[in-house]
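# Notes for the structure review
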Amino acid sequence: MLDFDWRPRLTTITRNAWGLTFGGGVEPAERTPSERLHSGHHRDLYRFGVERRRDARPVLLVPPLAVSATCYDLRPGQSMAAHLLGQGHATYLVDYGTMTADDRRMGFEAWVDDILPESIRRVSDLHDGAPVDLVGWSLGGTMSLLTAAAHADLPIRSVTAVGTPVDYTRIPTIAPLRAVGAVTSERPLTAATWALGGLPAPVVQASYRATALQRELLRPWFIARNLHDTESLARMESIDRFMASMPGYPARFFHQLCQQLILGNALAAGQFRLGDRVVELSEISVPVLAVGGTTDVLAPAASVQALVPLLTGSPSVRFEGVPGSHLGLVAGPGAKDTTWRFLDEFLVDPIPAI
């Protein structure tokens, strides 16, 4: 008969149960050290690490709207920022902060023509004019691609778009919205947001949770089954914190998202209208890496891969399909062996030798 000492496991179960119910959780939030270099209206610029690495290649992480910028730095082991830093890159992040009703008139133009170009130039200037590698997740990838297409003069070395949908007809979860929109246009989707000044944070948070309904429904069972597994509970907590900190969308941005992307599927034709001009993805003249999740319900791999034939002006276009949920592509426990590995290879040599 085996002499099994169950006391250490019982201690772990008790500690985790207390942390989840009465304490502050099973693991405190731990971020990669960073320094704020510039503060501005929805454009705070951060540099990760404690040392200034002027001779290192600069990488700028571009988050989407309506999510926390911590998507790139969830926790140790699930931090793309820390990984890039460990690979020797000078790693930067632009943080938009919280959106309010006063931001209702901010649209894609604010990011494509102002916020991102300014951030790119600031990072480049910190490295004596060196070109910057952009890495964008979800709509952060969309905005990075549009910025590169609209401003050929910017010091951009490459663009990586992770989980960035291009063909919205290939996203089953939004098919009902497209069906309604085909009859009513985008008004039912956007009327309330104009009145409120945007899509409020609680709505964004609820919508994100709805896309992972199975996870939400099975949460009590997951906790009970893993009370002895601190690492699994800590990963769960990091996602919960991330979803709870999601800000909202400005009204104009959400209107453009619905009108041009969800209903109009404009990107699938390689175009996006900004004010009185049309930005063409074919104008992108830098190497591009696109990563799509084979189990991503928000941006299925097929919707991401649709980008490849549109980039006729790029010297190199690479697509990689990897397993992972939408957030898991950048911050899942397996990202280091999939997305991060492909990103490492790409950043070393964006234009591979033939």
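Labelled according to an unreviewed UniProt entry, the protein chain appears under the name Alpha/beta hydrolase, originating from Rhodococcus spelaei.

Since there are 3.6 residues in each turn of an α-helix, residues three or four apart along the chain are aligned in direction. In this model helix α3 (residues 108-125) runs 24 Å from its N-terminal to its C-terminal C-alpha over 18 residues, within 8% of the 26 Å that 1.5 Å per residue would give. Buried residues of α3: F108, E109, A110, W111, V112, I115, L116, P117, S119, I120, V123 and S124, and no others.

With that settled, the discussion passes to the packing of α3 against helix α11 (residues 251-263). Two elements in contact, α3 and α11, have axes whose closest approach is 8 Å; the angle formed by their N-to-C orientations is 105°. For the element pair α3 / α11, the angle class is roughly perpendicular. Mapping the contact onto sequence places F108, E109 and W111 in α3 and R252, F253, Q256, L257 and L261 in α11. Along the lines of polarity and charge, the residues of the contact of α3 with α11 split into five nonpolar, one polar and two charged.

Further remarks concern the environment of E237. The residue E237 is located in helix α10 (residues 230-244) in this model. Taking the C-alpha atoms as reference points, E237 and L74, 163 residues apart in sequence, are found 9.9 Å from one another.

Further remarks concern the sheet that holds strand β1 (residues 34-38). Taken together, eight strands build an open sheet; the order of strands is β1-β2-β4-β3-β5-β6-β11-β12 and the sheet is mixed. Edge positions in the open sheet fall to β1 and β12 (317-322), since each of these has one partner strand only. Each strand axis lies, on average, 20° off the axis of its neighbour in the sheet, ignoring direction. As paired elements, strand β5 (residues 132-137) and strand β6 (residues 156-162) share six bridges and run parallel to each other. Its bridge partner lying in β6, V132 is registered against I156. Along the sheet face, helix α4 (residues 139-150) touches β3 (58-62), β5, β6 and β11 (288-293) and points at about 140° away from the line of β5. Each of β3, β5, β6, β11 and β12 touches helix α14 (residues 339-348); the most contacted strand, β6, lies at about 165° to it.

What follows concerns unusual backbone geometry. Here H42, not a glycine, exhibits a phi torsion of approximately 60°, which is positive. Secondary-structure assignment places H42 in the loop between β1 and β2 (44-48). At N265, a residue that is not glycine, the phi angle is positive and equals roughly 50°. Among the structural elements, N265 can be located in the loop between α11 and β9 (271-274).

Here α4 spans 16 Å end to end across twelve residues, near enough to the 16 Å set by a 1.5 Å rise per residue. Of all twelve residues in α4, eleven are buried, a share of seventy percent or more. Those residues of α4 lying buried are L139, G140, G141, T142, M143, S144, L145, L146, T147, A148 and A149.

Here D103 is to be found in the loop between β4 (90-95) and α3. Buried charge without a salt bridge: D103, with R104 as the nearest opposite-charge side chain at an N-O distance of 9.2 Å. Looking at D103, its side chain comes within polar contact range of the side chain of H42, at 3.0 Å. Among residues more than four places away in sequence, those in contact with D103 are H41, H42, T98 and P250.

Right, let's get into the packing of aromatic side chains. Evaluated as defined, the whole model comprises four aromatic pairs. Measuring from centroid to centroid gives 5.7 Å for Y96 and W111, while their planes differ by 85°, and the two rings are edge-to-face. Here Y96 is found in the loop between β4 and α3, whereas its partner W111 is found in helix α3, with 15 residues between them in sequence. Residue classification places Y96 among the buried positions, given a relative accessible area of 6%. Ring centres of F108 and F272 lie 4.7 Å apart, and the angle between their planes is 50°; on these two criteria the pair is classed as tilted. Separated by 164 residues along the polypeptide, F108 in helix α3 and F272 in strand β9 bring together distant segments of the chain. By relative accessible area, which is 0% here, F108 ends up buried.

Parameters and conventions
Positions within a chain are numbered from 1, following the residues in the order the chain's sequence is written. pLDDT decides what is reported in this predicted model: residues at 70 or higher carry local features, side-chain atom pairs at 80 or more are listed and counted, and totals for whole chains, interfaces and linings draw on all residues regardless. Based on all heavy atoms of the structure, the side-chain values leave hydrogens and waters out of the count. Helix numbering and strand numbering both begin at the N terminus, where a helix is a DSSP run of H or I of at least 4 residues and a strand a DSSP run of E of at least 2. Given the number of residues in a helix, its expected span is that number minus one, multiplied by 1.5 Å. Throughout, exposure labels follow a simple rule: accessible area from a 1.4 Å probe, protein chains only, divided by the maximum for the residue type, with under 20% read as buried, over 50% as exposed, and the rest as partly exposed. Axis definition: a line fitted to C-alpha atoms, over the contacting stretch in the case of helices. Angles run 0 to 180 degrees between N-to-C directions. Throughout, the term roughly parallel applies to angles under 35 degrees, roughly antiparallel to angles over 145, roughly perpendicular to angles from 65 to 115, and oblique to all others. Whether two residues are in contact is decided by their heavy atoms: any pair within 4.5 Å suffices. Each residue gets one of three labels, nonpolar for Ala, Val, Leu, Ile, Met, Phe, Trp, Tyr, Cys and Pro, charged for Asp, Glu, Lys and Arg, and polar for the others, Gly among them. Strand pairing is defined by DSSP finding a minimum of two bridges between the two strands. His is not counted, nor are the chain ends; Lys and Arg add positive charge and Asp and Glu add negative charge. A pairing counts as a salt bridge when a side-chain nitrogen of Lys or Arg comes within 4 Å of a carboxyl oxygen of Asp or Glu. Contacts described as polar in this section are N or O atom pairs within 3.5 Å, which, within protein, must combine one atom able to donate a hydrogen with one able to accept it, while residues neighboring in sequence count only if both atoms come from side chains. Each Phe, Tyr or Trp ring (for Trp, its six-membered ring) is paired with any other whose centre lies within 6.5 Å, and the angle between the two planes then decides the class: stacked below 30 degrees, edge-to-face above 60, tilted in between.

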